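Chain and residue survey
The lines below spell out each chain.
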Amino acid sequence: MSSELSTTHSRDPVIRVTNAGKTYRMYRQPADRLWQYLWPGRKPWFQDFVALEGVNLELRRGEVLGIVGVNGAGKSTLLQLVTGTIRPSHGEIETHGRVAAILELGSGFNPEFSGRENIYLNAATLGLSRAEIESRIDSIIEFAGIGLHIDQPVKTYSSGMVVRLAFSIATSVDADILIIDEALSVGDGAFRRRSFDRIMQIKQSGTTILFCSHVVFHVEAFCDRALWLHRGKVQKLGGVSEVLRPYEEFIDAYENDVNALPFGQNSAAGLADDSSPAMAAPPLGDARILSVRVWLDGQLGDELHGHSQASCLEVEVAFASDPKIPAPTAALVFSSENGKILGSSISHTQGLVFERAASGEGIARITVNRIPLNKGRYRVGVYLFCENGLHGYAMADPVAHIQLSHPGVEQGVLLLPGTWANGTDTAKTAA
Ligand SMILES: Nc1ncnc2c1ncn2[C@@H]1O[C@H](COP(=O)(O)OP(=O)(O)OP(=O)(O)O)[C@@H](O)[C@H]1O
């Protein structure tokens, strides 16, 4: 694996993966490993398992690639190959420059050493001099938010503390390539927000990023290109929407709609479920939903009845937020009963900034006139996001169900706002 950025022209690939793959040996029982070692000439005592096969990929400086795929698709394997923590069984992986990684599996820390000692070890392994480490160690410790625990052995840390420390180091070493495996859902709301902001800064500074997430929404917001892996093979590689649209369709079918959650998010994605009643003031750097009220044709409730293309829905979301961070944005989501998103409206897209009291509390309101859904029962949910509409703070979904009726025999979930006319009434037929 090459590692000199200085010799690399900026238009040359910073990461080049050529026909790379990883095959694991699967032993039926631990003793078979020993038999294989002692008796290699006989029939193999293992079965090959192909975790990754024939991956070709090139990334230039500053490119951000999102990697998606269902569990076991090979995402972490690819990230570990690029990081260099495992070697390919075939093909080549070439990287240029300093590679820092925040991997889901294994932080690379020595559990017997303190957090502080591990910072020195990790940063030195990544090529920082002692003076460079000393100039940044305070900010690394502060960002990780581990406090006095920093001088305790890492084996005493919670898993969240370990990942926070790994995140803080990896994002403080001026890496040329940053590899992020599902790390944006780590920690509490305030840490998640700060890590989001930091990754955005790193992206803007021109670092090449490989970003793996189950949160399709994050990939859409962050990445220039996307790679969809399935059963160890590249299913699609290309522009973000070119890859994510068919991936989402696949996921819908794959999960048979049962687990599909709004914005591709789930609790692991870091959205706090605020469907419970009003909560205390939010922690620093965070925002919370305090209460949600839903009206249909002026009637308040959580089981509401109305008419397709006629009823008016109003939703009011009271929120609390840290007044030191920008005001949150809000989203309203209509879903089917099995959780498939049918439509959404996002305040960020409309450029509205919600007014807040000095305490950080505010109220977001939305009105949907003449609901364009066909007859049926639907879920109404609300979400709070950061000011960029990227990082999710909180969700309450469903907050209400609406049952719509319609006399027509139209099919599908949407009632198209079309108007039929006589062909002879329009000038077009004459042309
Ligand atoms: N050391 C190993 N030995 C045997 N099989 C392995 C090993 N590591 C990974 N695998 C297998 O390789 C496949 C790909 O795993 P990988 O962790 O890359 O998937 P993933 O897409 O990251 O999944 P997830 O979303 O669940 O993290 C899986 O079937 C996994 O069980």
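What you see is a predicted model, and the numbers here were worked out from it, not measured in a lab. (Residues numbered from 1 in each chain as written. Predicted model: local features only at pLDDT ≥ 70, side-chain atom pairs only at ≥ 80, totals over all residues. Heavy atoms only, no water.)

**Quick look at the overall build of the protein chain**
Counting its regular elements, the protein chain contains nine helices and 19 strands. Taking all 431 residues of the protein chain together, the buried fraction comes to 48%. As displayed, the protein chain has an accessible area near 21,700 Å², and 52% of this comes from carbon and sulfur atoms. (Helix = DSSP H or I, 4+ residues; strand = E, 2+ residues; numbered from the N terminus. Buried < 20%, exposed > 50% of the residue type's maximum accessible area, 1.4 Å probe, protein only. Areas by Shrake-Rupley, 256 points an atom, 1.4 Å probe, with all protein chains shown as cover.)

**Structural notes on the sheet that holds strand S6 (residues 177-181)**
Where strands meet in a sheet, backbone hydrogen bonds hold them as pairs that are either parallel or antiparallel. With respect to topology, six strands assemble into an open sheet ordered S5-S6-S7-S3-S8-S9, the strand pairing being mixed. Either end of the sheet is taken by a strand with one partner, and the two such strands are strand S5 (99-102) and strand S9 (233-239). Strand-to-strand, the axes of this sheet are offset by a mean angle of 15 degrees, without reference to chain direction. Sheet topology note: the S6/strand S7 (residues 208-212) ladder contains five bridges and is parallel. The residue bridging Ile177 from the neighbouring strand is Thr208, located in S7. (Pairing = 2+ DSSP bridges. Axes fitted to C-alpha atoms, helices over the stretch in contact; angles between N-to-C directions.)

**A short note on the nonpolar core**
Generally speaking, nonpolar side chains in soluble globular proteins are found buried as a group. Ranked by internal contacts, the top residues of the largest apolar core, which has 80 residues, are Ile119, Leu165, Leu178, Leu313, Ile371 and Ile402. Among the elements that make up this core, the one with the highest residue count is helix H5 (residues 159-170) (seven residues). Split by domain, this core shows at least three residues from each of two domains, domain 1 (13-264) and domain 2 (271-405). The residues touching Ile402, leaving out its near neighbours within four places in the chain, are Leu296, Leu304, Leu313, Ile371, Gly376, Arg377, Tyr378 and Val380. (Core = buried A, V, L, I, M, F, W, Y, C linked by side-chain atoms within 4.5 Å. Domains from an automatic or database assignment. Contact = heavy atoms within 4.5 Å.)

**Observations regarding the side chain of Ser347**
Within the fold, Ser347 resides in helix H9 (residues 347-350). Ignoring anything within four residues of it in the chain, the contact list for Ser347 reads Thr329, Ala330, Leu352 and Phe354.

**A few points about helix H4 (residues 130-144)**
Given a rise of 1.5 Å per residue, 15 residues ought to cover 21 Å, and the 20 Å separating the end C-alpha atoms of H4 matches this to within 8%. Arg136 marks the point of greatest bend in H4, at about 45 degrees. Of the residues making up H4, those classed as buried are Ile133, Arg136, Ile137, Ile140, Ile141, Phe143 and Ala144. Looking one or two residues beyond H4, the residue adopting positive phi is Gly145, at roughly 65 degrees. (Expected span 1.5 Å × (residues − 1). Bend = angle between axes of the 7 residues up to and from the residue.)

**Description of the environment of Leu404**
By the secondary structure assignment, Leu404 is in strand S19 (residues 392-405). Linking Leu404 and Gln309, residues 95 residues apart in sequence, is a C-alpha distance of 9.2 Å. Beyond its immediate chain neighbours, meaning those up to four positions away, Leu404 contacts Leu296, Gly306, His307, Ser308, Ile371, Leu373, Asn374, Lys375, Gly376 and Tyr378.

**Some remarks on the environment of Phe167**
Checked against the element boundaries, Phe167 lands in helix H5. By relative accessible area, Phe167 is classed as buried at 1%. Between the C-alpha atoms of Phe167 and Ser195, which are 28 residues apart in sequence, the distance is 8.0 Å.

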